[in-house]
Protein chains: 2
Amino acid sequence: MRKLFLASTSTVHGSPYLEYISTELKSFFKGVHEILFIPYARPSGISYNRYTKHVHTAFSSINIDVKGIHEFEDPKLAVEHAQGIFIGGGNTFELISKLHENDLMQVLRESVNNGTPYFGTSAGSNVAGISIKTTNDMPVVYPPSFEALRLIGFNLNPHYIDLDLTSTHMGETREIRIKEFHIYNDTPVLGLREGSWLAVNGSQVILKGKLNARLFKQNEEAKELSPESDVSYL
Amino acid sequence: MRKLFLASTSTVHGSPYLEYISTELKSFFKGVHEILFIPYARPSGISYNRYTKHVHTAFSSINIDVKGIHEFEDPKLAVEHAQGIFIGGGNTFELISKLHENDLMQVLRESVNNGTPYFGTSAGSNVAGISIKTTNDMPVVYPPSFEALRLIGFNLNPHYIDLDLTSTHMGETREIRIKEFHIYNDTPVLGLREGSWLAVNGSQVILKGKLNARLFKQNEEAKELSPESDVSYL
């Protein structure tokens, strides 16, 4: 059965990396002794080794070993043999470029659909959607496609943030940006605030965490969804 | 002689569209009776007609007529014959897509290099650089290329905004995003705060407005440039 854990952020303000979800991750990865980490998003250009080491430390507290995909000769085989998969945050354009370049899109889709648990944070959650067209990242590299893994039937906007009423900045708000997405696309978009995640079990998709999420659909008013909302219908 | 006016924003907080630079625009477009407006960036999906009408109203106060490029049968000929060109803000990905689709990149480059005055705001300033890889916009459409017009020898980041020290949001700051750009690219990036613009005359490029701009170069510390700085060397 498909199992996904798609988090808006790896880190909430004032708390160490992954700590706010460590209990849930332990239960999500129950029975898994080692996960395959995909460090391609490289936040701030961190090396694959350093990024993997950072993740290794975080997962050691829940007794799960971590191997970086770059440590394997054949990344496709590494995905096929993985007990669990984690794609971390960083730059979504660089991440999707490397997934395409290393021809991992199909094998990731198949593995997850066949039951390999998939954990994503930020960019790693973004690529689980239909496309990366609702990422917040700067397009620092040109990917061969904006198509994503289609592990869920809609798009995510991680790190969703509300309009700051005190701001005098004239750049677009997040809501305006997502509405612009719907001028050209009809894929629903779920704005996941920091601290929220989606729990996917088979065909069931549930909003988790303490905060509401904001749902955007083409030609409809945006609406707030409360925690434990079932968004399987999207 | 090449003449460009590249503004960070069309509008500063609390002031009508283009008003904060209306005196400078009047002098920039001296002798020009009609400009060609390129509305492709469509902020919030506004129609080409409505966007052009909006610009028409703003320019009527300085006695300049405005025609939208979509009103011409042959957009390339429209660029060739234009007395002046204005590309307005909106979504940079949609804008660059339409410029490529309508095969306007080369003719725009030639016209501006041959002396047709070019005015850009926000996305319209972004596309004057080397690439659109330092836009802030959401990648709502997939363009055939991220290459831009190369009317200046570096990239701009319009609507540049400083870190908000009171924020608890974990998404990347603008500075972190531009530093990520420099992991993969060596083009210098000038962060133009709202209210700043660049005045290009021939090979001379001067920072205008009351605010500093922030200059980012690969493997160097970012630095602040004061108004009237000459950035022709970039």
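Basis of the calculations
Residue numbers here run from 1 along each chain, matching the order of that chain's written sequence. Chains and ligands are labelled sequentially in the order written, the chains with letters from A and the ligands with numbers from 1. Local features are withheld for residues below a pLDDT of 70 in this predicted model, meaning they are given only at 70 or higher, and side-chain atom pairs are given and counted only at 80 or more; totals for whole chains, interfaces and linings count all residues. For side-chain calculations, the full set of non-hydrogen atoms in the structure is used, while hydrogens and water are omitted. Numbering of helices and strands runs from the N terminus, with a helix taken as a DSSP run of H or I at least four residues long and a strand as a DSSP run of E at least two residues long. Note on exposure labels: buried denotes an accessible area under 20% of the residue type's maximum, exposed denotes more than 50%, and partly exposed covers the range between, all computed with a 1.4 Å probe on protein chains only. Residues count as neighbours in contact if any of their non-hydrogen atoms are within 4.5 Å of one another. Note that accessible areas follow from Shrake-Rupley with a 1.4 Å probe, and for residues the cover is restricted to the protein chains shown. Positive charges come from Lys and Arg alone, negative charges from Asp and Glu alone, with His and the N- and C-terminal ends not counted. Where a charge lies is defined by one atom per residue type, namely NZ (Lys), CZ (Arg), CG (Asp) and CD (Glu). Throughout, the accessible surface (probe 1.4 Å) given up by two parts as they are put together, summed over both, is called the buried area. By salt bridge we mean one thing: a side-chain nitrogen of Lys or Arg within 4 Å of a carboxyl oxygen of Asp or Glu. By this definition, two strands are paired if DSSP reports at least two bridges between them. Helix axes are fitted to C-alpha atoms over the stretch in contact, other axes to C-alpha atoms as well, and angles between N-to-C directions run from 0 to 180 degrees. Buried residues of nine kinds, namely Ala, Val, Leu, Ile, Met, Phe, Trp, Tyr and Cys, make up a nonpolar core once their side-chain atoms join them within 4.5 Å. Seen with the strands pointing away from the viewer, any crossover whose path from the first strand over the helix to the second strand runs clockwise is right-handed. Patches were defined on residues exceeding 30% relative accessible area and lacking a salt bridge, with like-charge contacts within 9 Å and nonpolar side-chain contacts (Val, Leu, Ile, Met, Phe, Trp, Tyr) within 5 Å. Alignment of copies: least-squares fit on C-alpha atoms of residues with pLDDT of at least 70 in both copies. Stacked, tilted and edge-to-face are the three classes applied to pairs of Phe, Tyr and Trp rings, where Trp contributes its six-membered ring and a pair requires centres within 6.5 Å; stacked means planes under 30 degrees apart, edge-to-face means over 60, and tilted covers the rest. Whether a charge sits over a ring depends on NZ of Lys or CZ of Arg being within 6 Å of the ring centre and within 35 degrees of the ring normal.

> Is there a simple way to think about the overall build of chain A in this case?
Helices and strands together make up the secondary structure of chain A, namely seven helices and 11 strands. Across its three principal directions, the C-alpha atoms of chain A cover 45 × 35 × 35 Å. Relative to its 234 residues, chain A shows a buried fraction of 60%. Taking the intrachain contacts of chain A between residues at least 6 apart in sequence as the baseline, contacts between residues at least 24 apart amount to 67%. As displayed, chain A has an accessible area near 9600 Å², and 48% of this comes from carbon and sulfur atoms. Computing the positive centroid from 22 side-chain charges and the negative centroid from 26, chain A places the two 3 Å apart.

> When you look at unusual backbone geometry in this model, what are you seeing that I'm missing?
Residues and elements named next belong to chain B. Positive phi, close to 55 degrees, is recorded for aspartate 103, a residue that is not glycine. Turning to its location among the elements, aspartate 103 is positioned in the loop between helix H4 (92-101) and helix H5 (105-113). With phi around 50 degrees, serine 122 is a residue other than glycine that occupies positive phi space. The residue serine 122 is located in the loop between strand E5 (118-121) and helix H6 (123-126) in this model.

> Would you take a moment to explain the interface of chain A and chain B for this structure?
How big an interface is tends to be expressed through the accessible area that disappears when the partners come together. Opposite the 47 residues of chain A that make contact, chain B presents 47 residues. A combined buried area of about 3800 Å² lies between chain A and chain B, and 60% of that area is made up of carbon and sulfur atoms. Area buried by chain A at its contact with chain B is led by Met138, Tyr142 and Tyr184 of chain A, which between them contribute 20% of it. Inspection of the region where chain A meets chain B yields two salt bridges.

> Even after reading the chapter, I still don't get the sheet that holds strand E1 (residues 3-7) of chain B, so can you show me in this structure?
All names here are of chain B. An order of E3-E2-E4-E5-E1-E8-E9 is seen for the seven strands of this open sheet, with the pairing classed as mixed. Two strands close off the open sheet at either side, each with one partner strand: strand E3 (65-68) and strand E9 (204-208). Put simply, the sheet's adjacent strands are angled 20 degrees from each other on average, direction ignored. Bridge count between E1 and strand E8 (residues 197-201): five bridges; the pairing is antiparallel. Note on E8: the bridge partner recorded for leucine 4 is valine 200. This element, helix H2 (residues 48-60), spans strand E2 (34-38), E3, strand E4 (85-87) and E5 of the sheet and lies at about 165 degrees to E3.

> Would you take a moment to explain the nonpolar core for this structure?
If you look at soluble globular proteins, the nonpolar side chains tend to sit buried side by side. Residues Leu99, Tyr118 and Leu198 of chain A together with Leu99, Tyr118 and Leu198 of chain B are the most contacted members of the largest nonpolar core, which totals 107 residues. Other than its neighbours up to four places away in sequence, leucine 198 of chain B contacts Leu4, Phe5, Leu6, Ile152, Phe154, Leu156, Leu190, Leu192, Val205, Ile206, Leu207 and Val231 of chain B.

> Would you mind going over the pairing of strand E6 (residues 155-160) of chain B with me for this structure?
The side chains of a regular strand alternate, first on one face of the sheet and then on the other. All names here are of chain B. For E6, the tally of buried residues reaches six of six residues, placing the bulk of the element in the interior. Pairing between E6 and strand E7 (residues 189-193): four bridges, direction parallel. In the strand pairing of E7, asparagine 155 is matched with valine 189. Between the parallel elements E6 and E7, the chain passes through helix H7 (residues 174-184) in a crossover that is right-handed.

> Even after reading the chapter, I still don't get a negative patch on the surface, so can you show me in this structure?
All names here are of chain A. The grouping of Glu73, Asp74, Glu80 and Glu110 at the surface amounts to a negative patch. Residue position: glutamate 110 is located in helix H5 (residues 105-113). On the accessibility criterion, glutamate 110 (42% relative accessible area) is partly exposed.

> What should I look at first to understand the pattern of salt bridges in this one?
With the rule as written, the count across this model stands at 28 salt bridges over all chains. Here lysine 179 of chain A ties to glutamate 175 of chain A by a salt bridge, and the two come within 3.1 Å at their closest N and O atoms. One end of the pair, lysine 179 of chain A, and the other, glutamate 175 of chain A, are both in helix H7 (residues 174-184), four residues apart, so they sit about a helical turn from each other. Among the salt bridges present, the one from lysine 76 of chain B reaches aspartate 103 of chain B, with a minimum N-O distance of 2.7 Å. With a gap of 27 residues between them, lysine 76 of chain B in helix H3 (residues 75-81) and aspartate 103 of chain B in the loop between H4 and H5 connect regions that are remote in the sequence. Look at lysine 76 of chain B and you get partly exposed, because its relative accessible area is 34%. By relative accessible area, aspartate 103 of chain B is classed as partly exposed at 44%.

> How should I be thinking about H7 of chain B in this particular structure?
At 3.6 residues per turn, the α-helix brings residues three or four places apart onto the same side. Those residues of H7 of chain B that sit buried are Arg174, Arg177, Ile178, Glu180, Phe181 and His182 of chain B. Summarising the contacts, the buried residues of H7 of chain B are in contact with E6, E7 and strand E10 (213-216) of chain B.

> What am I meant to see in the relation of the copies chain A and chain B here?
Both copies of the chain are tied together by a single rotation about an axis and a shift running along it. Between the two copies, chain A and chain B, the superposition gives an RMSD of 0.0 Å; the rotation angle is 180 degrees and the shift along the axis is 0.0 Å. Classification of the inter-copy transformation places it as that of a two-fold axis. The share of interface residues of chain A whose copies in chain B are also at the interface is 100%, consistent with both copies meeting through the same surface.

> What exactly am I supposed to notice about the packing of aromatic side chains here?
The description of two aromatic rings rests on the distance between their centres and on the angle between their planes. The final tally for this structure, using the stated rule, is 33 aromatic pairs over all chains. Judged by centre distance (5.9 Å) and plane angle (50 degrees), the ring pair of phenylalanine 59 of chain A and phenylalanine 86 of chain A falls under tilted. Within this pair, whereas phenylalanine 59 of chain A is found in helix H2 (residues 48-60), its partner phenylalanine 86 of chain A is found in strand E4 (residues 85-87), the two being separated by 27 residues in sequence. Where phenylalanine 146 of chain A meets tyrosine 142 of chain B, the ring centres are 4.6 Å apart and the plane angle is 75 degrees; that geometry is what we call edge-to-face. Here phenylalanine 146 of chain A, found in the loop between helix H6 (123-126) and strand E6 (155-160), pairs with tyrosine 142 of chain B, found in the loop between H6 and E6, and the two come from separate chains. Put simply, the rings of Phe5, Phe28, Phe29, Phe37, Tyr51, Phe59, Phe86, Phe119 and Trp197 of chain A touch in pairs and so form one group of aromatic residues. One Lys or Arg, lysine 3 of chain A, reaches over the ring of phenylalanine 28 of chain A and ends 4.9 Å from the middle of that ring.

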